[in-house]
Amino acid sequence: MNLYFRLMWLLFWRNRQAKKIGFLDTSRISYRAWPLDCDINMHLTNSRYPAFMDLARTHMIAEMGLMKKLLKLKWLPIVNASEFTFFRDIKPMEKFEIETRIVGWDEKYFYIEQRFVTARGLHCIMHIRGVFICRGKQVPIKQLVEAADYFGPVPEMPPEIVKWKEFLQVKKEQNLAPKLSLAS
């Protein structure tokens, strides 16, 4: 994460003022695209999107009331995979909001959708697949959901997440398959 000033502001001020949301509710946080966030094309540079999304996920955890619990348990969030779709650029000094929500989970991973929105509309959608780890081992998803005090049904995965999961599995199988040696 390369937005240290914004991280400190988030942790020491903004999260203390955070409203409370449910486990499957949408978290919202606003920022402005400062000139140093922009590239020579005069728009928010692509490398800033994941950094802002890290901040937004941290804010979501605080709004859910999980920050202290996860820190106490020493559970650390890890992004396993991510995918971005950009629709339009965010201009310098433009205010934007990041909407973050958990869209589902399976036996191994949780899935989050994040959207960058301005008064002009939708700019970017990102999906992440992640886990929490503790002392080098993955925290079971069931344990994570219980720690969040969520006991409702598992939400149905959006179709784009189902397709993305299938694509990730194909990538894994093709790239981790044993390679035939050239000598054969």
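1. Some details on the pattern of salt bridges
A side chain of one charge can pair with a side chain of the opposite charge if their charged atoms are brought near each other. Summed over all chains, the structure comprises 10 salt bridges. With its nearest N and O atoms 3.9 Å apart, the salt bridge here joins K69 to D149. With a gap of 80 residues between them, K69 in helix α3 (residues 67-73) and D149 in the loop between α4 (141-147) and α5 (159-176) connect regions that are remote in the sequence. By relative accessible area, K69 is classed as partly exposed at 32%.

2. A few points about the packing of aromatic side chains
In this structure the tally under the stated criterion is 12 aromatic pairs. Summarising the aromatic geometry, the rings of F52 and F96 are spaced 5.1 Å apart at their centres and angled 80° between planes, so their arrangement reads as edge-to-face. With a gap of 44 residues between them, F52 in helix α2 (residues 48-63) and F96 in strand β3 (residues 95-105) connect regions that are remote in the sequence. The residues F52 and F96 share a single accessibility class, namely buried. Taking the centre distance of 5.7 Å and the plane angle of 85° together, the rings of W105 and Y150 count as edge-to-face. Of the two residues, W105 is situated in strand β3 and Y150 in the loop between α4 and α5; the sequence distance between them amounts to 45 residues. Here the two residues W105 and Y150 agree in accessibility, since each one is buried.

3. Observations concerning unusual backbone geometry
Look at M42: it is not a glycine, yet its phi comes out positive at around 60°. Mapped onto the secondary structure, M42 falls in the loop between β1 (27-32) and α2. Residues other than glycine seldom take positive phi values, yet K74 does so here, at roughly 65°. Checked against the element boundaries, K74 lands in the loop between α3 and β2 (76-86). Given the relative accessible area of 53%, K74 is considered exposed.

4. Re α2
Given 3.6 residues per helical turn, the α-helix brings residues three or four places apart onto the same face. Relative to the 22 Å expected for 16 residues at 1.5 Å per residue, α2 spans 22 Å between its end C-alpha atoms, a close match to the ideal helical length. Counting buried positions along α2 yields 14 of 16 residues, so the element is predominantly enclosed. Of the residues one or two after α2, G65 is the one with positive phi, at around 80°.

5. Describing the pairing of strand β5 (residues 121-134)
The buried fraction of β5 is high, at 11 of 14 residues. Where strand β4 (residues 110-118) lies against β5, nine bridges are found, and the strand directions are antiparallel. Its bridge partner lying in β5, Q114 is registered against M126. Taking the residues that link successive antiparallel strands as the turn, the β4-β5 hairpin has two residues. Bridge count between β5 and strand β6 (residues 137-138): two bridges; the pairing is antiparallel. For I133, the partnering residue across the bridge sits in β6 and is Q138.

Analysis parameters
- Residues numbered from 1 in each chain as written.
- Predicted model: local features only at pLDDT ≥ 70, side-chain atom pairs only at ≥ 80, totals over all residues.
- Heavy atoms only, no water.
- Salt bridge = Lys/Arg side-chain N within 4 Å of Asp/Glu carboxyl O.
- Helix = DSSP H or I, 4+ residues; strand = E, 2+ residues; numbered from the N terminus.
- Buried < 20%, exposed > 50% of the residue type's maximum accessible area, 1.4 Å probe, protein only.
- Phe/Tyr/Trp six-rings, centres within 6.5 Å; stacked < 30°, edge-to-face > 60°.
- Expected span 1.5 Å × (residues − 1).
- Pairing = 2+ DSSP bridges.

Fair warning: the whole summary comes from geometry, so function is off the table for now.
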